[in-house]
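# Structural characterization, general
Residues per chain are reported as follows:
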Amino acid sequence: MKSHDDIQADLPLYALGSLEAAERPEIDRHLAAGCDACSRELETWRQVVALIPLGAGDEPPADLKAKLFERVGSGAAVASSVVARRRIGWAAPLALAAAAVLALATYREIGWRAERARRDETTAGLQQELANARGDLAKVGAALAARENDVAALRSALANAQESLSLLQARGLTLVSLKETKDAPPAEGHILLSRPTGRALFYGFGLPPVGSDKTYELWWITEKQGPVPAGTFRPDEGGIGRVDAPVPTDAGAIQAAAVTVESAGGVPKPQGPMVLLGSTTKS
Amino acid sequence: MREAEQLIAGLRGRDEAALSELYDRYGQTVYAVALRVTGDAGAAEEISLDTFHQLWQQADRYDATQGSLLNWLLTICRSRAIDRMRARAARKRTTATDATDADHVHPPAEDLADLNERRQLVREAMAALSPDQRNAVALAYYEGLSHSQIADRLQEPLGTVKTRIRQAMGVLRRVLGPVLSVPSS
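Residues numbered from 1 in each chain as written. Chains lettered and ligands numbered in written order. Predicted model: local features only at pLDDT ≥ 70, side-chain atom pairs only at ≥ 80, totals over all residues.

## Looking at the overall build of chain A
- Secondary structure assignment for chain A yields five helices and eight strands.
- Element order for chain A, N to C, with α for helix and β for strand: α-α-α-α-α-β-β-β-β-β-β-β-β.
- Split into buried and exposed, the 283 residues of chain A put 25% on the buried side.
- The long-range share in chain A, meaning contacts at least 24 apart out of those at least 6 apart in sequence, stands at 58%. (Helix = DSSP H or I, 4+ residues; strand = E, 2+ residues; numbered from the N terminus. Buried ≥ 20, exposed ≤ 12 C-beta atoms within 10 Å, placed from the backbone. Contact = placed C-beta atoms within 7 Å.)

And the structure:
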């Protein structure tokens, strides 16, 4: 004879219906004897088993519902006409009308089913087209963004070129050449300087990159104020640096220009190593 | 969206719209169970038609106090499907019981949103089983096989099969916990 625990352990199998027929009576007797704990446990297992079929995911054929209504419609129509004839013979037309109504309902059901299938197909097609269109749009958007970047870069290059060109056309233009200082890596630079218009453009070449906490800074070495900051720059990948440098008006004569390496952001007076130097008087 | 009781009342009043709504709600599950039992799409189709036709003709016999409408439909469906399989395999003289003990259970409420939610949860629960566990549960539920028949079919020891089904049921109960109602004491 099984213990209470043995019986409780068999309850999921009992609920699933997989126990051997010979094993069931003992459990039936135990339950009939009034074991509340096992009755409650069995009810829970029954709920679990009752849910199992919901896991079967196969879809029926699309026309199965229409077939059901074909069968139901004809059966109902026949039944209606038989009942009508038995009860009141003169009501045959009513039976026919009922049959007609049912036939119409069946027809409408079939038509509705077909219409829904058509709509589903159309919807699926439209959704696919929409997905394709979205994909194309994303590609066009990416290409456009790349073009906009190109345009911005070209505009910037054009502005620089126009500025350089306008400076070349300015009055009193002089060229200041800068060379690397002693112990500095080989590099050079030049400044297009137009004192009458107060404009100047510096270009440096062969300058090694500096860390993110450093910057190159251009200086005017003036007669009255000594070094005056003229702008900071970081060379591009080709080692070329560019500064649109304003010319100081109240510092007296500009005697020279220099480039130093300073802390990022620049400093008011040079503190770091000087890498380029050029005298204006030589030009 | 009508409640199950209203739909049953509709069937009793020969309302085809009620049958249409019930088919939309339960047709997939009925067909899927018939297909799982028979493994034959044509047979599953016929069994589904028979099941809903019986519902249409015998709606009066449905007693809501004896269980949910879906369980009633599935009882009809499984009985028909298993009978058909037995007739096909008559030479084997199968002796398994024809239905689970769960055919008389009251599951939680059956509105469509709940039904879809439970379908999803049951699929997750089934996915949590190992392939061997899933197969053993399916043989018991869909084919109505007993442990010894499953052991014969799988060529495995009886004890192994029993343990596997117990473990599988434990996993299902754990995952399905959120939709199980606590029996009153």
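Structure's up, so let's keep going.
## Here's the deal with the overall build of chain B
- Per the secondary structure count, chain B includes eight helices and zero strands.
- Counting from the amino terminus, chain B carries its helices and strands in the arrangement α-α-α-α-α-α-α-α.
- Classification of the 185 residues of chain B by burial places 43% in the buried group.
- Considering only intrachain contacts with a sequence separation of at least 6, the fraction spanning at least 24 residues in chain B is 67%.

## With respect to the interface of chain B and chain A
- Counting residues at the interface gives 55 residues for chain B, matched by 42 residues for chain A.
- Those elements that provide at least two residues to the side of chain B that touches chain A are helix H2 (16-38), helix H3 (41-57), helix H4 (69-88), helix H5 (112-127), helix H6 (131-143), helix H7 (147-154) and helix H8 (158-176) of chain B.
- Broken down by element, the residue count for the side of chain B that touches chain A peaks at twelve residues, all from H2 of chain B.
- Looking at the side of chain B that touches chain A, its residues break down into 28 nonpolar, 16 polar and eleven charged. (Nonpolar A, V, L, I, M, F, W, Y, C, P; charged D, E, K, R; others polar.)

## Overview of H7 of chain B
Residue and element names in this part refer to chain B.
- Among the residues of H7, those classed as buried are His147, Gln149 and Ile150. Seen end-on, H7 carries its buried residues on one side only, within an arc spanning 160°.
- Check the buried side of H7 and you find it contacts H6 and H8.
- Just downstream of H7, Gln155 is the residue with a positive phi angle, here 60°. (Arc of directions from axis to C-beta.)

## As for the confidence of the model for chain A
- Across chain A, the average pLDDT comes to 83, with 88% of residues at 70 or higher.
- Low pLDDT (under 50) marks residues 75-90 of chain A, which in the prediction has 17 contacts with non-local residues, meaning those over four places away or in another chain. (pLDDT = per-residue confidence, 0-100.)

## Let's talk about the packing of helix H1 (residues 4-16) of chain A against H8 of chain B
- Running from amino to carboxyl end, H1 of chain A crosses H8 of chain B at an angle of 85°, the nearest separation of the two axes being 9 Å. One way to sum up the angle between H1 of chain A and H8 of chain B is to call them roughly perpendicular. Contacts from Ala9, Pro12, Leu13 and Leu16 of chain A of H1 of chain A reach H8 of chain B at Lys162, Ile165, Arg166 and Met169 of chain B.
- For the contact of H1 of chain A with H8 of chain B, the per-class residue count stands at six nonpolar, no polar and two charged. (Axes fitted to C-alpha atoms, helices over the stretch in contact; angles between N-to-C directions. Parallel < 35°, antiparallel > 145°, perpendicular 65-115°, else oblique.)

## Some remarks on the nonpolar core
- Ala34, Leu73, Cys77, Val137, Ala140 and Ile165 of chain B are the most contacted members of the largest nonpolar core, which has 71 residues in total.
- Among the elements that make up this core, the one with the highest residue count is H2 of chain B (twelve residues).
- Apart from the residues lying within four places of it in its own chain, the contact partners of Ile165 of chain B are Leu13, Leu16 and Ser18 of chain A together with Ala136, Val137 and Ala140 of chain B.
- Within the second largest apolar cluster, 23 residues are counted, among which are Leu178, Ala187, Ile191 and Phe233 of chain A. (Core = buried A, V, L, I, M, F, W, Y, C linked by C-beta atoms within 7 Å.)

## Section: the confidence of the model for chain B
Residues and elements named next belong to chain B.
- Summary statistics for chain B give a mean pLDDT of 83 and a share of 85% for residues scoring 70 or more.
- Between residues 91-98, whose pLDDT stays under 50, and residues either more than four places distant or in other chains, the model counts 13 contacts.
- Model confidence for the complex is summarised by a pTM of 0.49, with the ipTM given as 0.78.

## A short note on the sheet that holds strand E8 (residues 274-279) of chain A
Residue and element names in this part refer to chain A.
- Overall, antiparallel pairing links the eight strands, which are arranged E5-E4-E7-E8-E1-E2-E3-E6 in an open sheet. Taken across any chain shown, the strands that pair with only one partner, and hence form the sheet edges, are strand E5 (226-233) and strand E6 (241-246). Averaged over all pairs of adjacent strands, the angle between their axes in this sheet comes to 20°, without regard to strand direction.
- When strand E4 (residues 214-222) meets E5, the two strands line up antiparallel, connected through seven bridges. What sits directly across from Glu217, in E5, is Thr232. (Pairing = 2+ DSSP bridges.)

## A closer look at the packing of H7 of chain B against H8 of chain B
Residue and element names in this part refer to chain B.
- Two elements in contact, H7 and H8, have axes whose closest approach is 9 Å; the angle formed by their N-to-C orientations is 110°. Taken together, the axes of H7 and H8 are roughly perpendicular relative to one another. Here H7 runs over H8; the crossing is right-handed. Two secondary-structure elements touch here, H7 through His147, Ser148, Ile150, Ala151 and Leu154 and H8 through Leu158, Val161 and Lys162.
- Of the residues belonging to the contact of H7 with H8, the class tally is five nonpolar, two polar and one charged. (Left-handed = near helix turned anticlockwise from the far one by under 90°.)

## Description of the pairing of strand E3 (residues 199-205) of chain A
Residues and elements named next belong to chain A.
- Here E3 shows a buried face lined by Ala200, Phe202 and Gly204 and an unburied face lined by Arg199, Leu201, Tyr203 and Phe205.
- Here strand E2 (residues 188-194) pairs with E3 via seven bridges, running antiparallel. Bridging across to E3, Ser194 finds its partner in Arg199.
- From the end of E2 to the start of E3, which pair antiparallel, there are four residues, and Gly198 there has a positive phi angle of about 70°.
- Bridge count between E3 and E6: six bridges; the pairing is antiparallel. The partner of Leu201 across the bridge, within E6, is Asp244.

## Let's talk about the environment of Gly13 of chain B
- Here Gly13 of chain B shows up in the loop between helix H1 (4-12) and H2.
- Gly13 of chain B sits 46 residues away from Ala59 of chain B along the chain, and the two C-alpha atoms are 9.6 Å apart.

## Some details on the pairing of E4 of chain A
Residue and element names in this part refer to chain A.
- Counting buried positions over the nine residues of E4 gives seven, a clear majority of the element.
- Two strands pair when backbone bridges link them, and E4 and strand E7 (residues 254-263) are joined in this way by nine bridges, in the antiparallel orientation. Looking at E7, one finds that Leu218 is bridged to Val259.
- What sits between the antiparallel neighbours E4 and E5 is a turn of three residues.

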